[in-house]
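Descriptive structure summary
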Amino acid sequence: MSEIPSTGEGREARREGRRRRAAIAALSLVAVGFAPWTLSRADPPQEIILLNYDVRWGPFRLMSIESRTVLGDERYEMGMKVRTEGMVGWFVDWSSRVETQGVLVADRPRPVRRVVSAEYEGVHQGVTIEYGKEGPLRVDVAPDLSSEGLVAVDPELRVGTIDPETATLLIIRRNAAGQPCTGLEQVFDGRLRYDLELADAGSRALELNEPIVYAGPARPCGATVRPVAGYPREH
């Protein structure tokens, strides 16, 4: 369950904070290695959000996560880089990079292209999805799904699906507009097809304490993954 801050209070202060974060993030994009805004010079980015996370167990750093979201009036780009660190990295050498590009249609995000590039113990894994209006048009996966014990998802089950990053953006935009976190989103990541069932848990106030770095109104949003297709046959 994730905590998404409400937008009902302190709107002007947050707008100023976003403008400052956007300027800082724009300067930081080169440092973290993400590709710049590329979809359209006619639709410059209105907001850039750059987040860095560490996954820790006590004092030990286990994983690092870098996230970037770029929003325009008509388009969006989302990127994430994840890699094992420290003690876990000694035993499991794994890293992943995801880039998603899309458009906003009637204020709803719709993916255009998703690229995943991962390395696990020196073995490359990749996914590329090209989208049309009704969902994925072309899906390339490497290595072959059978090598991972997975089953290819039938094309008809891909119709109308979105990628995980776009699903996340949908939830955030829905919350920002004051709408409840409810409904069901059909997701396909190139390998697995699942439904994301959302449940609104009302609102609550968060207090500033470790590890929470935000204090104020928030809306908990529960998400349950319902497997549909593509999973190992014994699933």
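Notes on the structure follow. (Residues numbered from 1 in each chain as written. Predicted model: local features only at pLDDT ≥ 70, side-chain atom pairs only at ≥ 80, totals over all residues. Heavy atoms only, no water.)

1. Focus: a nonpolar patch on the surface
- Judged by side-chain polarity, Trp 57, Phe 60, Met 87, Trp 90, Phe 91, Val 92 and Tyr 120 come together as a nonpolar surface patch covering roughly 850 Å² of accessible area.
- One can find Trp 90 in helix α2 (residues 86–91). (Patch = residues over 30% accessible without salt bridge, like charges linked within 9 Å, V, L, I, M, F, W, Y side chains within 5 Å. Areas by Shrake-Rupley, 256 points an atom, 1.4 Å probe, with all protein chains shown as cover. Salt bridge = Lys/Arg side-chain N within 4 Å of Asp/Glu carboxyl O. Helix = DSSP H or I, 4+ residues; strand = E, 2+ residues; numbered from the N terminus.)

2. Quick notes on unusual backbone geometry
- The omega torsion across Ala 142 and Pro 143 is -5°, close enough to zero to call that bond cis.
- By the element assignment, Pro 143 lies in the loop between β8 (135–142) and α3 (155–158).
- One non-glycine residue with positive phi stands out, namely Ala 106, at about 55°.
- Structurally, Ala 106 is set in the loop between β5 (94–105) and β6 (108–120).
- Ala 106 gets classed as exposed once you look at its relative accessible area, which sits at 78%.
- The backbone of Asp 107 sits at a positive phi, close to 70°, despite the residue not being glycine.
- By secondary structure assignment, the location of Asp 107 is in the loop between β5 and β6. (Buried < 20%, exposed > 50% of the residue type's maximum accessible area, 1.4 Å probe, protein only.)

3. Things to note about the sheet that holds strand β3 (residues 60–71)
- Spatially, β2-β3-β4-β5-β6-β7-β8 is the arrangement adopted by the 7 strands of the open sheet, whose pairing is antiparallel. Looking along the sheet, the strands with just one partner apiece sit at the ends: β2 (47–57) and β8. Neighbour-to-neighbour, the strand axes of this sheet turn through a mean angle of 10°, independent of strand direction.
- Sitting on the sheet, helix α4 (residues 164–176) is in contact with β3, β4 (75–84), β5 and β6, with an inclination near 135° to β6. (Pairing = 2+ DSSP bridges. Axes fitted to C-alpha atoms, helices over the stretch in contact; angles between N-to-C directions. Contact = heavy atoms within 4.5 Å.)

4. Things to note about the nonpolar core
- Counting 14 residues, the largest nonpolar core has Ile 171, Tyr 194 and Leu 196 as its most contacted members.
- When residues of this core are traced back to their parent elements, those giving at least two are α4 and β10 (193–200).
- Here Leu 196 is in contact with Ala 167, Ile 171, Gly 183, Leu 184, Glu 185, Val 187, Ala 223, Thr 224 and Val 225, once residues within four sequence places are set aside.
- Grouped together as the second largest cluster of nonpolar side chains are 8 residues, Val 116, Val 127, Tyr 131 and Ala 229 included. (Core = buried A, V, L, I, M, F, W, Y, C linked by side-chain atoms within 4.5 Å.)

5. Thoughts on the pairing of β10
- Inspection of the sheet shows strand β9 (residues 183–188) paired to β10 by 6 bridges, in the antiparallel sense. Bridge pairing links Gln 186 to Asp 195 in β10.
- As consecutive antiparallel partners, β9 and β10 are separated by 4 residues, and within that stretch Gly 190 has a phi angle of approximately 105°, a positive value.
- Pairing of β10 with strand β12 (residues 216–229) involves 8 bridges; the strand directions are antiparallel. Note that in β12 the partner of Tyr 194 across the bridge is Pro 227.

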